[in-house]
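# Residue-level structural notes
Here's the letter readout for the chains.
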Amino acid sequence: MIPPNSNASLTGNATFIQAVDLNGDGTTDLLVYDAQNTSASAFNGDGIGGFQRIDISLAAPGTALLAGDFGGNSLDGGIALPQLALIRVNTSQIQLMQNRGDFLFQ
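Cut-offs and rules
Residues numbered from 1 in each chain as written. Predicted model: local features only at pLDDT ≥ 70, side-chain atom pairs only at ≥ 80, totals over all residues. Heavy atoms only, no water. Helix = DSSP H or I, 4+ residues; strand = E, 2+ residues; numbered from the N terminus. Contact = heavy atoms within 4.5 Å. Areas by Shrake-Rupley, 256 points an atom, 1.4 Å probe, with all protein chains shown as cover. Pairing = 2+ DSSP bridges. Axes fitted to C-alpha atoms, helices over the stretch in contact; angles between N-to-C directions.

Another point: the overall build of the protein. Broken down by element type, the protein carries zero helices and seven strands. Across the protein, helices and strands are ordered from the amino to the carboxyl terminus as β-β-β-β-β-β-β. The long-range share in the protein, meaning contacts at least 24 apart out of those at least 6 apart in sequence, stands at 37%. In the form shown here, the protein has an accessible surface area of approximately 6000 Å², with 50% of it arising from carbon and sulfur atoms.

Structure, rendered in structure tokens:
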């Protein structure tokens, strides 16, 4: 757990960061992407400034990663969950990954 007003170390070089509620709990989480190492992490926000790091498994390397509501995915309670869009390396493809609500994407 990273407490409020403290620093967190990242692996590699964070090339992208986005503040977004990834798990539908109403608190802001952080999505961090490192294009050089093609790795992603989520930092689960606790609502009072603390974060818990969770590594996200990506199926393929990409040049950019973005979270957004691309398909109307929602939990049983109607809470919209953002999907991940990964721009694939050396292709003209964008891979959409569905959000299960538990920081696992498929």
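Further notes follow.
Time to look at the sheet that holds strand S3 (residues 39–45). Taken in spatial order, the four strands of this open sheet run S1-S2-S3-S4, and their pairing is antiparallel. Edge positions in the sheet fall to strand S1 (16–20) and strand S4 (51–56), since each has one partner strand and no second. The sheet shows a mean angle of 20 degrees between the axes of neighbouring strands, taken without regard to direction. As judged from the five bridges shared by S1 and strand S2 (residues 29–34), these two strands associate in the antiparallel manner. By the bridge assignment for S2, Ala19 is matched with Leu30.

Strand pairs in the sheet, formed through backbone hydrogen bonds, run parallel or antiparallel to each other. Spatial strand order, S5-S6-S7: three strands in an open sheet with antiparallel pairing. In this open sheet, the two edge strands, each paired with only one partner strand, are strand S5 (62–68) and strand S7 (94–97). Sheet twist, expressed as the mean angle between neighbouring strand axes with direction ignored, is 20 degrees. Across six bridges, the pairing between S5 and strand S6 (residues 83–88) is antiparallel. Paired with Leu65 across the bridge in S6 is Leu86.

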